[in-house]
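Overview (structure and organization)
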Amino acid sequence: MARWCFRHRLVVLLLWVGALCGLGFSASTAGTDYANVFSLPDTDSKRAYDLMEKAFPETSGDTDTVVWKADTGTVRDQDVRSRIEPALEKIAGMDGVGAVTGPYSGQRGAAQISRDGRIAYAQITFTDAAQSVPKELVQDVVDTARGAQRDGLEVELGGQAIQRVQEPPTGLAELVGLVAAAVVLFLAFGSLFGMLLPIGVAVFGVGTGLFSTQLISHVTDVPDLAPLLATLIGLGVGIDYALFIVTRHRRGVLRGTDPEESAVTALNTSGRAVLFAGGTVCIALAGMLVTNLRFLDGVVIGTSLTVVLSVLAATTLLPAFLGFLGPRVLSRRQRRRLAERGPEPERAGGLAARWSGGVQRRPRRVAALAVVVMAVLALPVLSLRLGATDQGNDEASTTTRKAYDLLAQGFGPGFNGPLQVVASAGDTKALVEGIEATSGVARAVALPPARGVTVIQVVPTTSPQSKETDDLIDTLRDRVIPEAGAQAHVGGVTAVSKDFASVTGDRLPYFIATIIGLGFLLLLIAFRSLVVPLTAAVMNLIAAAASFGVLVAVFQWGWGLNLLGLGKEGPINAFLPVIMLSLLFGLSMDYQVFLVSRMHEEWVHTRDNARAVRVGLAETSRVINSAALIMVCVFLAFVLSGDSGAAMAGVGLAAAVALDAFILRTALVPAVMHLLGRSNWWLPQWLDKRLPHLAVEPADAGPPAAGPSAADGPASVVHGFIRSVDGDPVQGATVTLMSKGGRQLDRVDSLADGSYIVAVPGPGTYLLAATSASYGTRARHVVVDGGPLVYDVDLADDEVDAVS
């Protein structure tokens, strides 16, 4: 497939452009039909909602609020009324506004003025739901209401429709994330084209995914949070997957491999790992279905579809792009050096190699330090409280937050989240009296009954997000309603949020067990080991605890909220643990696959655990850290989205990825694997026979060698002497044996007499390279048949050989 895409690159590109444009045109024509369906069967708030729907079947549009405060006098003063009433009349006459209920009309209006007379509010009911109200209309309402403001008279607006117009421009978060990712990619590759490749692939994958999700919203319930999360995860995995493949391809080109062969090898090795990693992400996302929360079904559809299309773009569109670029995937300096000095075997050097060696020398110290850091970061998770954010958590400068605070100041903190006690039978009067006498209730008012159903509006004395309000809901359900002998249920937004948090908390253990079990099974099949998947599961739990600890510290305790411009502290959104854990487990599995697959590859060929762990970490840590840094930039950019849920998910996932990549995968995992030794790769023989075989990365298959090298035979060695042209032994020369596909098989240093010996896995054609700082580099293809091969290498000063 990779070879076909490389050779037919124009066809592949046109197919992808056609798919993107076609889906985009269809989506823009059809529009959006996102729906936030919080279906909570067998909950008290759901029964209350069903009764209200039966009694009041007619539905109205979104209701927003205009709040004003007089610094001196009261809101009843003529100079205040003369400014507010014309504005409300103008708003009432706008096309798309159904009704305006103000405080200056009769007995009912008087209740909309605070006791001290300084704060009042009016309710604006639109003819459509908040998502369907045109932004131009909402902006006209805001401008008209704020136009009545003057010195001594503050006017603010709150509500879902109002919140939409104060959000940052659509696409700002995505653009900032892409720019940050481009900077990281340019620093990693040093090439403009190398930088653009992963970004282009991610844009195609995410674009087709978002347009498809938009179309799907017309046939099933998809929440408006789904496209945001799909973009967030799609950009992250799309760029990362392309990065892994491009990195492997560049290594092949630097070694002198033809660009087409290098692309095929990259797709047939790293591309397979991408397919496996993308599958694990989708499986982790599908684990959300275990919770049986309808709200999350649309999230699973949108995010999984975007991941699948991102993987498809990485495995089809990327090789086509590589065909267009050819050697230009390298930087100019690399192309110039390749032309002047010829190919050189890659050596894992620099910081990555030194760090890998340090972990091998001091695994206990590294593991202990990593565990302490993660444990300290995880401590705040003990205070985790699930709930729902509202406009009281908005940034302090927004009009919705100011309106929220004014209503709380004038009518009590519970006014922004009233409870609805819906009674269908029993003594309603006794129920109202019992509610009024309950501690924590500011007031309770029974509305006129309809179709045998009475709705009692209950205003708590505490804010919607406080624990005291949750306790009040329990008191009403468990004691007050039964004592009154009524058949009633407690509903309203606050009660729904509480029930959603309870249901999520109850089902979370089953969800975690499901995704851990599936991940364990996949890694067990891929790496033929019990310890590797068990280690991965434990590491995933540690990463989850630490990332939620960061979330609690930032969003629940308020540490750094002002610095990030994220408003006021509050509970963690109830839906966030499920979504975050799905994404976290999927992304963690990606890094585990890329890290351990290289270790496993080395272990299969050498059976040396210390070497396998050291080489695997040295050769993958740089690309894993680069990929993680890109994801952190993309996720943190969603702080700018204007959506509190997306901001929470962005900060939480950024923390999770950073901790997972920089501490767990590059420190704790290799340290533990060094300590466990050969036990890492233990698998009972009876289980090994029964498990299906799944190779994450196939063995490199070079071109078939002539003669006996094509036949099977026992493992062998290549040995000989490294000498200068004068015949003097060269000590300390690095001798590297590589497969035809460019995979390193063995590396040794020559001894004092210039001798060396490298292990060969079997008959075939290999690349043998000798490098010395005092001399040059010489690389030659060698053919090994059934027995040891003697091969002497002569090095000359400043000599560099190019291997075709």
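For the structure itself, consult the block above.
The rules behind each value
Residues numbered from 1 in each chain as written. Predicted model: local features only at pLDDT ≥ 70, side-chain atom pairs only at ≥ 80, totals over all residues. Heavy atoms only, no water. Helix = DSSP H or I, 4+ residues; strand = E, 2+ residues; numbered from the N terminus. Buried < 20%, exposed > 50% of the residue type's maximum accessible area, 1.4 Å probe, protein only. Contact = heavy atoms within 4.5 Å. Areas by Shrake-Rupley, 256 points an atom, 1.4 Å probe, with all protein chains shown as cover. Lys, Arg positive; Asp, Glu negative; His and termini not counted. Charge placed at Lys NZ, Arg CZ, Asp CG, Glu CD. Phe/Tyr/Trp six-rings, centres within 6.5 Å; stacked < 30°, edge-to-face > 60°. Lys NZ or Arg CZ within 6 Å of the ring centre and 35° of its normal. Pairing = 2+ DSSP bridges. Axes fitted to C-alpha atoms, helices over the stretch in contact; angles between N-to-C directions.

**Structural notes on the overall build of the chain**
Tallying secondary structure elements over the chain gives 25 helices and 18 strands in all. The principal-axis extents of the C-alpha atoms in the chain amount to approximately 110 × 50 × 45 Å. Of all 804 residues assigned to the chain, the portion counted as buried reaches 55%. Counting contacts in the chain only where the partners sit at least 6 residues apart, residues at least 24 apart contribute 76% of the total. Summed over all atoms, the accessible surface of the chain reaches about 33600 Å², with 57% contributed by carbon and sulfur. When the 65 positive and 73 negative side-chain charges of the chain are each reduced to one mean point, those points stand 6 Å apart.

**Overview of the environment of Phe 527**
Along the polypeptide, Phe 527 turns up in helix H19 (residues 493-527). With 154 residues separating them in the primary sequence, Phe 527 and Trp 681 have C-alpha atoms 7.9 Å apart.

**Regarding the packing of aromatic side chains**
Any aromatic ring pair is given by two values, namely how distant the centres are and how the planes are angled relative to each other. Counting across every chain of the model gives eight aromatic pairs. Where Trp 603 meets Trp 681, the ring centres are 5.7 Å apart and the plane angle is 15°; that geometry is what we call stacked. With a gap of 78 residues between them, Trp 603 in helix H22 (residues 576-606) and Trp 681 in the loop between helix H24 (644-676) and helix H25 (685-690) connect regions that are remote in the sequence. Like Trp 603, the residue Trp 681 is buried in the burial classification. An aromatic cluster of at least three residues, connected via ring pairs, comprises Trp 16, Phe 204 and Phe 321. Just above the ring of Phe 6 sits the side chain of Arg 9; from NZ or CZ to the centre is 5.5 Å.

**Quick look at the sheet that holds strand E16 (residues 777-784)**
In a beta sheet, neighbouring strands pair by backbone hydrogen bonds and run either parallel or antiparallel. Read across the open sheet, the four strands follow the order E13-E12-E15-E16; overall the sheet is antiparallel. In the strand order of this sheet, the two ends are held by strand E13 (744-749) and E16, each with one partner. Averaged over all adjacent pairs, the angle separating strand axes in this sheet is 20°, with direction ignored. Sheet analysis places strand E12 (residues 734-739) next to strand E15 (residues 764-771), joined by six bridges and oriented antiparallel.

**Comments concerning the sheet that holds strand E4 (residues 153-158)**
Taken together, four strands build an open sheet; the order of strands is E2-E3-E1-E4 and the sheet is antiparallel. Each of the sheet's edge strands pairs with one partner strand only, and the pair in question is strand E2 (97-101) and E4. Between one strand axis and the next, the sheet turns by 20° as a mean value, whatever way the strands run. Strand contacts of helix H4 (residues 78-92): strand E1 (63-70), E2, strand E3 (119-126) and E4, with the helix running at about 155° to E2, the strand carrying the most contacts.

**Quick word on the pairing of E4**
For E4, the tally of buried residues reaches five of six residues, placing the bulk of the element in the interior. Both E1 and E4 contribute to a ladder of six bridges, which runs antiparallel. By the bridge assignment for E4, Thr 65 is matched with Gly 158.

Functional significance is not addressed by these values, which are geometric in nature.
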